[in-house]
Amino acid sequence: MAASFKLIQLENWVALELNVWLDAWPPAESLETCRELKVLMEQYHGTAKLLYKHNPEAMSVMFLTLLELWVAIDKTTVMSFSILNDYAVNMTPISLAQSFLLPLKSQLQRLYAVERYVEDRRRRSSFPSTAIFQSFGGRNFLPVQYFNQSTSLQNTRADIVVKQTIRENRSE
């Protein structure tokens, strides 16, 4: 019984306080925030899936809670690495969430907010999500885009090229 009470507490915190907590968290701590939220998601999912496996409504609340935690991680990541805004999110079609059994209007509103967030991220993106890790070396490949916007990386590359040129000239 204690585990289910803790799950309900977490679900309520996500529903009511997660966004407040995110807004209060300093941007400099965003990577740590992502780590903490990831661990929270894993622990929550590991416990909830076992306790809720025979209860479709509770499973739906679990999936909604996980989606909201995912959105929080994505928002935090994009805050630190704005270049990720250029890439669509790679998520199973959010329309699958239409089969959730959410009895409360507030839960449906939360699901709608998740759907809007995912759709807004897709609409604002310039590149498909596959360009993050695929299309190796291509113009839209995330590491290429990151390099192109980083003066520091470009300066480092220029230093390496100059040093290599000097070495080659000495050996001739």
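Conventions we followed
Residues numbered from 1 in each chain as written. Predicted model: local features only at pLDDT ≥ 70, side-chain atom pairs only at ≥ 80, totals over all residues. Heavy atoms only, no water. Salt bridge = Lys/Arg side-chain N within 4 Å of Asp/Glu carboxyl O. Helix = DSSP H or I, 4+ residues; strand = E, 2+ residues; numbered from the N terminus. Axes fitted to C-alpha atoms, helices over the stretch in contact; angles between N-to-C directions. Parallel < 35°, antiparallel > 145°, perpendicular 65-115°, else oblique. Left-handed = near helix turned anticlockwise from the far one by under 90°. Contact = heavy atoms within 4.5 Å. Nonpolar A, V, L, I, M, F, W, Y, C, P; charged D, E, K, R; others polar. Expected span 1.5 Å × (residues − 1). Polar contact = N/O pair within 3.5 Å; in protein donor to acceptor, adjacent residues only side chain to side chain. Core = buried A, V, L, I, M, F, W, Y, C linked by side-chain atoms within 4.5 Å. Buried < 20%, exposed > 50% of the residue type's maximum accessible area, 1.4 Å probe, protein only. Arc of directions from axis to C-beta.

Novice: Now, about the pattern of salt bridges: what can you tell me, with residues and values included?
Specialist: In the structure shown here, the tally under the stated rule is 5 salt bridges. Two residues, Asp74 and Arg121, come together in a salt bridge whose shortest N-O distance is 2.8 Å. On the criterion of sequence distance, the pair formed by Asp74 in helix α4 (residues 56–80) and Arg121 in helix α5 (residues 105–124) is long-range, its members being 47 residues apart. Note that Asp120 is salt-bridged to Arg123, the shortest N-O span being 2.2 Å. With Asp120 and Arg123 both in helix α5, this residue pair falls 3 residues apart, about one helical turn.

Novice: So what's going on with the packing of α4 against α5? Residues and values would help.
Specialist: In helix packing, the relevant descriptors are the interaxial angle and the interaxial distance, both defined with respect to the helix axes. At their nearest, the axes of α4 and α5 sit 10 Å apart, and the two run at 40° to each other. With respect to their mutual orientation, α4 and α5 come out oblique. The handedness of the crossing between α4 and α5 is left-handed. Between α4, through Val61, Leu64, Thr65, Leu67, Glu68, Trp70, Val71, Asp74, Lys75 and Val78, and α5, the contact on the second element is made entirely by Gln107, Arg110, Leu111, Val114, Tyr117, Val118 and Arg121. Considered class by class, the residues forming the contact of α4 with α5 number 10 nonpolar, 2 polar and 5 charged.

Novice: Would you mind going over α4 in detail, with residue names and values included?
Specialist: With 25 residues, α4 should cover 36 Å at 1.5 Å per step; its first-to-last C-alpha distance of 36 Å lies within 8% of that length. Two to three positions downstream of the cap, the backbone nitrogen of Glu57 sits 3.2 Å from a side-chain oxygen, assigning the N-cap of α4 to Asn55.

Novice: Lay out the side chain of Thr65 with the relevant residues and their values.
Specialist: Note on placement: Thr65 falls in helix α4. Engagement of the side chain of Thr65 in a polar contact is seen with the backbone oxygen of Val61, the distance being 2.8 Å. Dropping the residues within four chain positions of it, Thr65 is found in contact with Glu11, Val14, Tyr44 and Arg110.

Novice: Can you break down the nonpolar core residue by residue, with the values?
Specialist: Core analysis: the biggest nonpolar cluster contains 18 residues, and Leu18, Leu37, Tyr44, Ala48, Tyr52, Met62 and Leu69 have the highest contact counts within it. Residue assignment for this core shows that the elements contributing at least two residues are α1 (2–16), α2 (18–24), α3 (30–52) and α4. When residues no more than four places from it in sequence are discounted, the contact partners of Leu18 are Trp13, Leu37, Glu68, Leu69 and Ala72. Judged by nonpolar contacts, the second largest core, of 13 residues, contains Leu64, Val89, Phe100 and Val114.

Novice: Provide a residue-level description of the side chain of Ser30, including the pertinent values.
Specialist: Within the element layout of this structure, Ser30 appears in helix α3. Note on Ser30: relative accessible area 3%, which makes it buried.

Novice: Residues and numbers for α1, please.
Specialist: Over its 15 residues, α1 extends 21 Å from the first C-alpha to the last, a length consistent with the 21 Å expected when each residue adds 1.5 Å. Of the positions making up α1, those classed as buried are Leu7, Leu10, Glu11 and Val14. Projected down its long axis, α1 shows its buried positions confined to an angular sector of 100°, all on one face. Within α1, the exposed residues directed more than 90 degrees away from the buried face are Ala2, Phe5 and Leu16. Elements in contact with the buried residues of α1: α2, α3, α4 and α5.

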